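Spelled out, the chains give:
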Amino acid sequence: MSLANPTALFWLALGIPVVIFYILKIRLRRMPVSTVIFWRQIFDEKKPRSLWQRLRHLVSLLVQLAFLALLVAALTEPFFASEARSARRVILIVDNSASMNATDVESTRLAKAKEDAHRIIQGLRARDEMAIIAAGTQPRVVCGLTVHPKSLRVALDGIGPTDGPTQLAAALALARRLAAETGDADKESRILVVTDACTDDAAKLSTEDRVQFVTVGARAGNLAITRFQVRRSTVDPIGYETLVEITNLSDEPTGEFRLSITLNGQSIEVIPLALAHNQTWSKVIENTTRDGGVLTAELVVKVDKEDRPYPDALATDNKAIAVLPKRNDVPVHMHSPVGNLFLQKVLEANPLTQLTTSKAMPATFQTGGVKVFHREAPATLPPGSVLVVDPANDCNLWKVGDKLQNPIVTQQDKDSPLMAHVRLDNVLMPEARKVTFTPAAGKPQILAAASTGDPLFAVIDRPEGKVVVLSVNLDLGDLPFRTAFPILAMNVLGQFTSSHGEMRESLVAGSTADVTLPAGDFLVRSPDGTTRKLPGGGKATIGPFDQCGVWTVAAEGTGTAVEEFAVNVMNKAESDLRPPEGVVAVAVETGFGGSFLGRPFWWYLIGLAGILAVAEWYLYQRRWIS
Amino acid sequence: MALFDSDFLKKLEYLSLISRRVFRGSLMAQRRTMQLGSGIEFADHREYTPGDDFRYLDWNLYARHDELLLKRFQEEEDLHVYFLLDCSRSMAFGDPAKFDFARQVTAALAYIALADLDRISVTAFADDIIADFPLTRGKGRILSLLKFLESLPPIGQDTNLARVATGFIHRDQRRGLAIVVSDLYDPSGFDRGLDLLRHRRYETRVVQVHDKYEREPPDMLGDVEMWDVESGLARKVTVTEKNLRQYRQLFDEFQDSVEGYCNRHSLGCTQTSTELSFDQLILRMMRQTGVVR
């Protein structure tokens, strides 16, 4: 027999005070009595037990010392060599991905998996070690290697459901690292994976060395929204397009159901559908909104004239959301000494524009908004966003030269958002003037240039605001008649107001997102209301998002939302509740572990010490109560 | 605080006054013997016989009836009161000590007797007689008595009432009232000693004193070394609740046995705890006689 913790033997020193107290105790309290006539009558009746009366204090001392010895022996954690030889190291991986929320088994697959995991813990032998890893969304060690079953059970109970993807391969790699880090090569090492195996590589992983799969759940059909994205309309400033994709991940047809799309709870689209097995349906739906809100797509069935959630094994992927930001009005002031109907109408056509015009140069300009100068521009351009069209005079950023000889657009920066959906190849720009930028303009970005290299369309990024210059005579060229012109104007306005109303794509559960935050403290609030702090003042990465719903980044003090992220399952692998063929699974082993015989040796010592404590308690009571 | 202070003496005087009013002829003092003799109170006549003292001839009657008759008078004699005071170490037990209480009671009763012109003596005893205050008479002797009582220490070994009574009754003294003031914790039994007094025709009265902690021992549970203050012997015992119950029962039985003995033999008996003051006890004894309510 060996001792795992021999230093605990020092606790035997406690025997010294026990003996001292015993010696002190046998120096009994002296109680004077006036006569022993009566006491003699009482105690002389007990004479046959006098031997016990004399010895019982000594017996009590021996019991106390034995009690201490047993406790100390238990603290030293004695074990037999055979126990050490047969000890195992088990890494338990519990899959808590989105598919484990399926309800095709009692409660959920995750609940069943935890039930199986509890049985595995119960089956551990005295010196077996176990660690637990959660494999959903992002693999993490929830309990390091320990021989303490209660810690394992507590850690296991703490594993919650996630809507993220299965990360079995990463979890297995983590498990192997964990097993290797702790050394002791003599120990048999095993990795037990409790999962529904609904991942493409499950069959391959289940056959890996020292890996055993314990599977939960059966083959179940599921209907899921596998894509749900929104984007701004290219032609309508307040319009947006929604891409919806629905997949029937089942071996059976779905029957009739509906796709219901609502914006802030108001129904905006209902599409009746019926999909064949494994069929995917998708559609782009156009709509408009200025106020924005949460766009929700949900799969429903009509029961008794009421919409009910589509009844399948996994509810999470029957719903998807997107966040539509509010579009704010933009004040635009257009100054033109001669006026230009095309430019004015293009600006007015934007529903977000609040246009004002002037023919005489204003003395001052309103802060904020967009300033548009046609022909005449002030010598020093005002701060803020400025669009200058067909400049006729010099200003602080450029000098206007002669007319260009052959102003055909031959060079374009197609990657610039200002040139999105705009094609100006070989478009003639008559009477376009040569613009020479001053050093104050820095390095302007040339978006379109003539064959001579002279800029026709450029953007200057000043600290006090962007300046876009278009050196084209709108009255003589055919640019105003081209579809590119209103798009170009909208791109410019969109660029100037880029901080308002841009859409973020809906995110897949388990992904991360980057956000640039101003200085200050922020809170990230998950859909279930839990929050965590996020320092501002730069770029930050949030995630991985393990719950579906709207995640909010808000200022800590005011609670004002800075960013909102819509997170959906949108993962065919997770929504497909049919495990692949070829997964090798084993049954849960229980063994002696949880039984009385499977306890560690120190447990029996503690039990024996408990019996001695009861015996001493009895002896003690006998001294007081006959 | 002295055992017999001025307050004590005031109480003695008060008790003496009450006793004159109510005790007369009941308990002690001024008792009239049935002997006829040289008293002053006329009893009856008898015929003259030669040799009688002429001084007692009733000459008036002779003149009228010509018959020589002799006048007879009732003779008065004083009462002898013997106090037997227990001085064993068991009497030193308690708070206040039983011994102090017993001495106060003895002093009070003795004062009443002296005030009524009776003779008193005090015999201190334990396993044997250890000191004597000789027979004396008159109130003036009270201070000597108090001094004697104060000087008594509780020193005796095991109480042996039989040996004490044997020594007492073999003294050359008149019969009288014998008041035993003791806790009666005699290992060989209190009754033999009292029997001897009774058989020698002493009018015996018992004042049995006990402490409240003797009836209800405090803090005795558990392992204790029981120390007998009388014998000085110690004994290691474990006192359980059951033992305490048995003790209480035995103590009560002992008290009952003392009372039963006295009742059987028509002895006066007063059982008291030291929680009572000595003057309250004296008044209680008066009430027991039925003259005070």
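Owing to the predicted nature of the structure, the values given are computational and were not obtained by experimental measurement.

Calculation criteria
- Residues numbered from 1 in each chain as written.
- Chains lettered and ligands numbered in written order.
- Predicted model: local features only at pLDDT ≥ 70, side-chain atom pairs only at ≥ 80, totals over all residues.
- Heavy atoms only, no water.
- Helix = DSSP H or I, 4+ residues; strand = E, 2+ residues; numbered from the N terminus.
- Buried < 20%, exposed > 50% of the residue type's maximum accessible area, 1.4 Å probe, protein only.
- Contact = heavy atoms within 4.5 Å.
- Areas by Shrake-Rupley, 256 points an atom, 1.4 Å probe, with all protein chains shown as cover.
- Pairing = 2+ DSSP bridges.
- Axes fitted to C-alpha atoms, helices over the stretch in contact; angles between N-to-C directions.
- Buried area = accessible area lost by both parts, 1.4 Å probe.
- Salt bridge = Lys/Arg side-chain N within 4 Å of Asp/Glu carboxyl O.
- Polar contact = N/O pair within 3.5 Å; in protein donor to acceptor, adjacent residues only side chain to side chain.
- Lys, Arg positive; Asp, Glu negative; His and termini not counted.
- Core = buried A, V, L, I, M, F, W, Y, C linked by side-chain atoms within 4.5 Å.
- 1 Å grid on protein atoms, 1.4 Å probe; cavity = no way out; pocket = protein on both sides within 12 Å on 5 of 7 lines; lining within 4 Å.
- Points joined across faces, edges and corners; volume = space filled by probe spheres on them.
- Phe/Tyr/Trp six-rings, centres within 6.5 Å; stacked < 30°, edge-to-face > 60°.
- Parallel < 35°, antiparallel > 145°, perpendicular 65-115°, else oblique.
- Left-handed = near helix turned anticlockwise from the far one by under 90°.

Asker: Explain the overall build of chain A here, please?
Answerer: For chain A, the helix and strand inventory stands at 12 helices and 33 strands. Residue burial in chain A is summarised as follows: out of 626 residues, 46% are buried. Within chain A, contacts between residues separated by at least 24 positions form 68% of all contacts whose residues are at least 6 apart in sequence. On chain A, roughly 30,300 Å² of surface is accessible, and the fraction owed to carbon and sulfur atoms is 55%.

Asker: I'm lost on the sheet that holds strand 4 (residues 88–94) of chain A in this one. Help?
Answerer: In any sheet, the strands associate via hydrogen bonds between backbone groups, in a parallel or an antiparallel arrangement. All names here are of chain A. Spatial ordering of the open sheet is given by 6-5-4-7-8, a layout of five strands whose pairing is mixed. Both edges of this open sheet fall to strand 6 (140–146) and strand 8 (211–215), since each of them pairs with a single strand only. Neighbour to neighbour, the strand axes of the sheet diverge by 15 degrees on average, direction disregarded. Running at roughly 170 degrees to strand 6, helix 6 (residues 149–157) makes contact with strand 4, strand 5 (129–134) and strand 6 of the sheet.

Asker: Can you walk me through the sheet that holds strand 2 (residues 29–33) of chain A in this structure?
Answerer: Spatially, the three strands line up as an open sheet ordered 2(A)-9(B)-10(B), and their pairing is mixed. For this open sheet the edge positions go to strand 2 of chain A together with strand 10 (234–239) of chain B, each flanked by a neighbour on one side alone. Taking the axes of each pair of neighbouring strands and ignoring which way they run, one obtains an average angle of 40 degrees across the sheet. Sheet topology places strand 9 (residues 222–228) of chain B next to strand 10 of chain B; six bridges connect them, and they run antiparallel. If you follow E225(B) over to strand 10 of chain B, its bridge partner there is K236(B).

Asker: What's the story with the interface of chain A and chain B in this structure? I'm lost.
Answerer: Where interface size is given, it is often the accessible area lost as the parts come together that is meant. Taken together, the contact between chain A and chain B spans 27 residues of the former and 37 residues of the latter. Together, the buried faces of chain A and chain B total about 3,000 Å²; carbon and sulfur atoms form 63% of this surface. Ranking the residues of chain A by area buried against chain B places S34(A), F38(A) and W39(A) at the top, with a combined share of 23%. Between the two partners, chain A and chain B, sit one salt bridge. With a shortest N-O distance of 3.3 Å, R30(A) and E225(B) are connected by a salt bridge. Linking chain A to chain B there are eight residue pairs in polar contact (both at pLDDT 80 or more). Looking at which element gives the most residues to the side of chain A that touches chain B, the answer is helix 2 (residues 37–43) of chain A, with seven residues. In the sheet, strand 2 of chain A pairs with strand 9 of chain B via five bridges, with the strands oriented parallel. In the strand pairing of strand 9 of chain B, R29(A) is matched with V224(B).

Asker: Honestly, the side chain of E574(A) in this entry has me stumped. Any pointers?
Answerer: All names here are of chain A. Position of E574 relative to the elements: it lies in helix 11 (residues 572–575). Buried and unpaired, E574 has R109 as its nearest opposite-charge partner, separated by 8.1 Å. In this structure the side chain of E574 is engaged in a polar contact, spanning 3.2 Å, whose partner is the side chain of S97. With near-sequence residues (within four places) excluded, E574 lies in contact with S97, A98, S99, G164, P165, T166, C198, L314 and V569.

Asker: Teacher, can you tell me more about the nonpolar core here?
Answerer: Side chains that are nonpolar tend, in soluble globular proteins, to be buried together. L85(B), I120(B), L149(B), L152(B) and I282(B) are the most contacted members of the largest nonpolar core, which totals 45 residues. With 12 residues, helix 3 (residues 98–115) of chain B is the single largest residue contributor to this core. Not counting residues up to four positions away in its chain, the partners in contact with L149(B) are F4(B), L85(B), R103(B), T106(B), A107(B) and V122(B). M31(A), I37(A), V180(B) and V258(B) belong to the second largest nonpolar core, which has 40 residues in total.

Asker: Any chance you could explain empty space enclosed by the protein here in plain terms?
Answerer: With a probe scaled to a water molecule rolled over the atoms, the places where space remains empty come into view. Residues and elements named next belong to chain A. A complete count under the given rule lists three cavities of 30 Å³ or more for this structure. Each pocket or cavity is described by its volume, and for the largest cavity that value is around 70 Å³. Among the elements of the structure, strand 20 (385–389) and helix 10 (484–496) are those that each provide at least two residues to the lining of the largest cavity. No other element matches the four residues that helix 10 contributes to the lining of the largest cavity.

Asker: Can you help me understand the packing of aromatic side chains in this one?
Answerer: The relation between two aromatic rings is expressed through the spacing of the ring centres and the mutual angle of the planes. For the structure on display, the rule yields 24 aromatic pairs over all chains. For the pair W59(B) and Y62(B), a centre-to-centre distance of 6.1 Å together with 90 degrees between the ring planes defines the contact as edge-to-face. Here the residue W59(B) and the residue Y62(B) both occupy positions in helix 2 (residues 59–65), the gap between them amounting to three residues, near one helical turn. Between the aromatic rings of F168(B) and Y202(B), the centroid separation amounts to 5.3 Å while the plane-to-plane angle is 50 degrees, which identifies the pairing as tilted. Separated by 34 residues along the polypeptide, F168(B) in helix 5 (residues 161–169) and Y202(B) in the loop between helix 6 (191–199) and strand 8 (203–210) bring together distant segments of the chain. The same class applies to F168(B) as to Y202(B), namely buried. By way of ring pairs, the aromatic residues F38(A), W39(A), F43(A), Y185(B), F190(B), Y247(B), F251(B), F254(B) and Y261(B) are connected into one cluster.

Asker: So what exactly am I meant to see when it comes to the packing of helix 3 of chain B against helix 4 (residues 142–150) of chain B here?
Answerer: Geometry of a packed helix pair, given as the angle between the helix axes and the separation of the axes. All names here are of chain B. Contact geometry for helix 3 and helix 4: axes closest at 10 Å, N-to-C directions at 165 degrees. With respect to their mutual orientation, helix 3 and helix 4 come out roughly antiparallel. Crossing hand, helix 3 versus helix 4: right-handed. For the pair helix 3 and helix 4, contact is made by R103, T106, A107, A110, Y111 and L114 and by I142, L145, L146, L149 and E150, respectively.

Asker: I would appreciate a short explanation of the pattern of salt bridges in the present structure.
Answerer: As a working rule, side chains carrying opposite charge can pair if their charged atoms are close by. Residues and elements named next belong to chain A. Under the criterion given, the structure shown has 36 salt bridges over all chains. Note that D251 and R219 form a salt bridge whose closest N and O atoms lie 3.2 Å from each other. Note that D251 is positioned in the loop between strand 10 (239–249) and strand 11 (257–263) and R219 in the loop between strand 8 and strand 9 (222–232), a separation of 32 residues in sequence. The class of D251 is partly exposed, set by a relative accessible area of 41%. Two residues, R231 and E241, come together in a salt bridge whose shortest N-O distance is 2.6 Å. Residue R231 is found in strand 9, and its partner E241 is found in strand 10; the two are separated by 10 residues along the sequence.

Asker: How do you make sense of the packing of helix 5 of chain B against helix 6 of chain B when you look at a structure like this?
Answerer: Residue and element names in this part refer to chain B. For the pair helix 5 and helix 6, the least separation of the axes is 7 Å and the interaxial angle reads 20 degrees. Relative to helix 6, the element helix 5 is oriented roughly parallel. Where helix 5 crosses over helix 6, the handedness of that crossing is right-handed. Seen from helix 5, the contacting residues are L161, A162, A165, T166, F168 and I169; seen from helix 6, they are R192, G193, L194, L196 and L197.

Asker: So what exactly am I meant to see when it comes to the pairing of strand 26 (residues 465–470) of chain A here?
Answerer: Remember that side chains alternate between the two faces of the sheet whenever the strand is regular. All names here are of chain A. Counting buried residues in strand 26 gives five out of six residues, a clear majority hidden from the surface. Pairing of strand 20 with strand 26, which is carried by four bridges, proceeds in the parallel orientation. Looking at the pairing, V389 lines up with L470 of strand 26. As paired elements, strand 25 (residues 455–462) and strand 26 share six bridges and run antiparallel to each other. Bridge assignment links V459 to a residue of strand 26, and that residue is V468. In this structure, the hairpin formed by strand 25 and strand 26 is closed by a connection of two residues.

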